[in-house]
Amino acid sequence: MRYALSFEETLLKSLRSRISMEKWNDAKEAYEENYYKDTVLSIIDYVGRDLRKKYGNDTNSYFKIPHGSIVVEIEITDTELHIKVPFLKIGEKHKIPLLRRIAEVNFYPLNLSQIKLKGNLLNFHYSTPLHLCEPYKIYYVLEEICHNADNLDDELISLFGAKPLHEPKITFYDKDLLDKAWQKFTSLLLEAEVFIHYFDEKRIEYFNWDVINITLKRIDYLIAPSGKLRTDIEHQIKCLYAKEDMQSRIQSGKNFLNTLKSMSKEDFAADMYVAETFIPIKSRSEIESIKRSWEKPFETATKEIQNRQYTAATLTLLIAFYDLFYYNTIEDDINNKIVKVLRNADKKVWEESANLLYAGMENIIKNKTRTQNIASTTKGFLSKLFR
């Protein structure tokens, strides 16, 4: 296997965030000046400028904002903030194991919010005096509720027969986009299988951890699955970083990729949609945070290239690039630079791919107009990449 992994650009129109950074500054300023209602309103504006107009009442005291399969209810009184999310209805069967699972969730991962039972309905709750509505805390509460509710409902519905309380506002991919997504999905799995087989044969199977990791994040980047497929991919990525021994994590990843290979197009299509959301799943990226996140992989790749470990360096750098896509929304200028780097390294021999990725990352970190490679043999070629 002389060549590195391929690259294809996302099917999404844009990876940009709708976040309004200036509104976050407004929220902090309002809190410091004891305008607590304005603090909460600025947090909502920070997430989306049109949310208050679309989902609030005339007095800006009550909002019902959709997020996937839930609706977030926010009430601001003269003295308190109340957040409630009607979540699920308990079915006739499996009530005890369902409530046991809810108790586990209330212990972890929930921190500030809690799921409460009223009759046969499960609801997320959080309340606090207005003067304690510190912006970071309130945003964290909203993020905690939205993300956990969106991830947990599929599990509780499928395992314990719970019933959703709201129909999500979703738009399924049209036929043309679905066909493209299916083709990319199947080709990614096939490519991963080829690389895994090669590394197994060469007895360097530890590289398969990287291949599985990159493949799962490429699926997210390329086709942005929703529903159970997205949740399953998230779970498997967490398993890759678990404390189990490396071989067990690799085998679990292989088994998961085989499960994806056996997925029917009909099941795949059921998770190919865009849902209306409130709190973004991914963080907004800033160039300084990108630099910090790349410090360790860049240092590792430097040593690997200096030691002529080009396969390892390529995989290290690819994970760093796809981590950025997986965990963050990307502004167009940074995204364009990354896409150019990944496209230049597409299916190149390992040494060339490692050097191209390294030079591209260095260019973004240092904001150069030209880059130089630490490997002098390809300096002339690389110097032309970022003019």
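Cut-off values and rules
Residues numbered from 1 in each chain as written. Predicted model: local features only at pLDDT ≥ 70, side-chain atom pairs only at ≥ 80, totals over all residues. Heavy atoms only, no water. Phe/Tyr/Trp six-rings, centres within 6.5 Å; stacked < 30°, edge-to-face > 60°. Axes fitted to C-alpha atoms, helices over the stretch in contact; angles between N-to-C directions. Helix = DSSP H or I, 4+ residues; strand = E, 2+ residues; numbered from the N terminus. Parallel < 35°, antiparallel > 145°, perpendicular 65-115°, else oblique. Contact = heavy atoms within 4.5 Å. Nonpolar A, V, L, I, M, F, W, Y, C, P; charged D, E, K, R; others polar. Core = buried A, V, L, I, M, F, W, Y, C linked by side-chain atoms within 4.5 Å. Buried < 20%, exposed > 50% of the residue type's maximum accessible area, 1.4 Å probe, protein only. pLDDT = per-residue confidence, 0-100. Pairing = 2+ DSSP bridges. Salt bridge = Lys/Arg side-chain N within 4 Å of Asp/Glu carboxyl O.

Novice: Quick one: what's the story with the packing of aromatic side chains, residue by residue and with numbers?
Specialist: Evaluated as defined, the whole model comprises 24 aromatic pairs. Joined through ring pairs, the aromatic side chains of Phe-195, Tyr-198, Phe-199, Tyr-206, Phe-207 and Trp-350 make up one cluster.

Novice: If you had to explain the packing of helix α1 (residues 21-32) against helix α5 (residues 135-160) to someone new, which residues and values would you point to?
Specialist: Remark: α1 packs on α5, axes separated minimally by 9 Å, with the N-to-C direction vectors making an angle of 125 degrees. Between α1 and α5, the crossing angle belongs to the class labelled oblique. Of α5, the residues touching α1 (which contributes Trp-24, Ala-27, Lys-28 and Tyr-31) are Pro-135, Tyr-136 and Tyr-139. Its residues assigned to classes, the contact of α1 with α5 comprises six nonpolar, no polar and one charged.

Novice: Describe the nonpolar core, with residues and values.
Specialist: In summary, soluble globular proteins display a tendency toward joint burial of nonpolar side chains. Leu-216, Leu-260, Phe-268, Trp-294, Phe-321, Ile-338 and Leu-342 are the most contacted members of the largest nonpolar core, which totals 68 residues. Elements supplying a minimum of two residues to this core: α6 (175-201), α7 (207-223), α8 (227-240), α9 (246-261), α11 (287-306), α12 (310-327), α13 (332-344) and α14 (350-366). Ranked by residues supplied to this core, first place goes to α12 with 13 residues. In this view, Phe-268 contacts Leu-178, Ala-181, Trp-182, Phe-185, Ile-223, Leu-229 and Met-263; residues no more than four positions away in its chain are not counted.

Novice: An account of the confidence of the model for the protein is requested, with residue identities and associated values reported.
Specialist: With 94% of its residues at a pLDDT of 70 or more, the protein has an overall mean of 91. Predicted confidence for residues 369-387 stays below pLDDT 50, and this span has 38 contacts to residues more than four positions away or in other chains.

Novice: I'd like a description of the pairing of strand β4 (residues 114-118), backed by residues and values.
Specialist: The pairing of β4 with strand β5 (residues 121-129) spans five bridges and is antiparallel. Within β5, the residue paired with Lys-118 across the bridge is Leu-121. Hairpin connection between β4 and β5: a loop of two residues separates the two successive antiparallel strands, and Gly-119 in this loop has a positive phi of roughly 65 degrees.

Novice: Would you mind going over the pattern of salt bridges in detail, with residue names and values included?
Specialist: Counted according to the given criterion, the structure contains 22 salt bridges. Of the charged contacts in the structure, one is a salt bridge between Asp-26 and Lys-23, with a shortest N-O distance of 3.8 Å. With a gap of three residues between them, Asp-26 and Lys-23 both fall in helix α1, about one helical turn apart. Using a relative accessible area of 31% as the deciding quantity, one classes Asp-26 as partly exposed. Residues Asp-220 and Lys-282 are paired through a salt bridge, measuring 2.9 Å at the closest nitrogen-oxygen approach. You can see Asp-220 sitting in helix α7 and its partner Lys-282 sitting in the loop between β8 (273-275) and β9 (283-284), a full 62 residues away along the chain. By relative accessible area, Asp-220 is classed as buried at 10%. Residue Lys-282 is classed as partly exposed on the basis of its relative accessible area of 26%. It is possible to trace a salt-bridge network through shared partners that takes in Arg-101, Glu-104 and Glu-155.

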